[in-house]
Amino acid sequence: RRAERMRAAGFKARMGIPILADQEVVAVLEFAMRAERQEDARLRDLATVIAAQLGNAIRHKRAEEAVHEGEERYRALVQNSVEAIYLFDPHTKRVLECNDAFTRLLGYSQAEALSLVIYDFVAHSKADIDAFMANLFASSVVASSERRWRRKDGSLIDVLVSARKIRHGGRD
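Being a predicted model, the structure only gives us computed values, none of them experimental.

K.L.:
I'd like a rundown of the overall build of the chain, residues and numbers included.
P.N.:
For the chain, the helix and strand inventory stands at 6 helices and 6 strands. Secondary structure elements in the chain, listed N-terminal to C-terminal, are α-β-β-α-β-β-α-α-α-α-β-β. Here the C-alpha atoms of the chain give a radius of gyration of 29 Å, more than 25% beyond the 16 Å that 2.2 N^0.38 yields for 172 residues. Considering only C-alpha atoms, the chain reaches an extent of 85 × 30 × 20 Å along its principal axes. Counting all 172 residues of the chain, 26% fall into the buried class.

Written out as structure tokens, the structure is:
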């Protein structure tokens, strides 16, 4: 049927090149010509290169979408966790991200929590906190310990902390 419609529209010759993404045909790049002509190797090669580039672009877009979906799942998991979760910069000690359970536990708003440094809520001496961090960053294992945190209202709570260094923004 398609060939009949093409002939009725005055096209005499066609060439189709598959567009592949991850070994799957996702589209066909089709050229239709009104004049009959012999196969043109240059045109075929050019169309093949264009189809390969389109396939690469589609594969890249799919990979970006997969990363975005993974990030959305991660964010939903962290945000909906009943455990207090936060991420901090090891150099500035500033809280970079935190979930709602973290803010509820400590009594801060999200904006307030993101302005904290760990010395603001970890109720141990600076030397003790720094030693814990040094041990954490010297190892790639999960560090667990009982700690005491200070809430916004000044009250203290005992918490069991599990910590691990991760890459964030291209840094450990």
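So much for the structure itself; the text now carries on.
K.L.:
An account of the environment of Asn56 is requested, with residue identities and associated values reported.
P.N.:
Among the secondary structure elements, Asn56 is positioned in helix 2 (residues 41–80). On the basis of relative accessible area, Asn56 is assigned to the partly exposed category, the value being 33%. Spatially, the C-alpha atom of Asn56 lies 8.8 Å from that of Asp22, the residues being 34 residues apart in sequence.

K.L.:
Requested: an account of the pattern of salt bridges, with residues and values cited.
P.N.:
All chains considered together, the criterion is met by 10 salt bridges. Across the pair Glu97 and Arg75 runs a salt bridge, and its minimum N-O distance is 3.6 Å. With a gap of 22 residues between them, Glu97 in strand 4 (residues 95–98) and Arg75 in helix 2 connect regions that are remote in the sequence. Judged by relative accessible area, which is 21%, Glu97 ranks as partly exposed. Residue Glu112 pairs with Lys152 through a salt bridge whose shortest N-O separation is 2.8 Å. Linking Glu112 in helix 4 (residues 110–113) with Lys152 in the loop between strand 5 (143–150) and strand 6 (156–163), this pair joins segments that are 40 residues apart in sequence. According to the relative accessible area criterion, Glu112 is partly exposed, its value standing at 28%. Through salt bridges with shared partners, a single network forms among Arg2, Arg14 and Glu30.

K.L.:
Residue-level account of the packing of aromatic side chains, with values.
P.N.:
Aromatic ring pairs are described here by two measures, namely the spacing of the ring centres and the angle between the planes. On inspection of all chains with the given rule, the structure shows 7 aromatic pairs. Measuring from ring centre to ring centre gives 5.2 Å for Tyr86 and Phe121, while their planes differ by 85°; the resulting arrangement is edge-to-face. Taken together, the positions of Tyr86 in strand 3 (residues 86–88) and Phe121 in helix 5 (residues 118–121) put the pair 35 residues apart, joining distant regions of the chain. Judged by relative accessible area, Phe121 falls into the buried class, the value being 0%. Ring pairing ties together the aromatic residues Tyr86, Phe88, Phe102, Phe121 and Trp149, which thus form one cluster.

K.L.:
Got a sec to walk through unusual backbone geometry? Specific residues and values, please.
P.N.:
In the Ramachandran plot, Asp22 falls in the positive-phi region, its phi being about 55° despite a non-glycine side chain. For Asp22, the position within the fold is in the loop between strand 1 (13–21) and strand 2 (24–33). The residue Gln23 is not glycine, and still its phi comes out positive at about 65°. Inspection of the secondary structure assignment puts Gln23 in the loop between strand 1 and strand 2.

How each quantity is defined
- Residues numbered from 1 in each chain as written.
- Predicted model: local features only at pLDDT ≥ 70, side-chain atom pairs only at ≥ 80, totals over all residues.
- Heavy atoms only, no water.
- Helix = DSSP H or I, 4+ residues; strand = E, 2+ residues; numbered from the N terminus.
- Rg over C-alpha atoms; globule rule 2.2 N^0.38 Å.
- Buried < 20%, exposed > 50% of the residue type's maximum accessible area, 1.4 Å probe, protein only.
- Salt bridge = Lys/Arg side-chain N within 4 Å of Asp/Glu carboxyl O.
- Phe/Tyr/Trp six-rings, centres within 6.5 Å; stacked < 30°, edge-to-face > 60°.

Everything listed here is a matter of geometry and, on its own, says nothing about what the molecule does.
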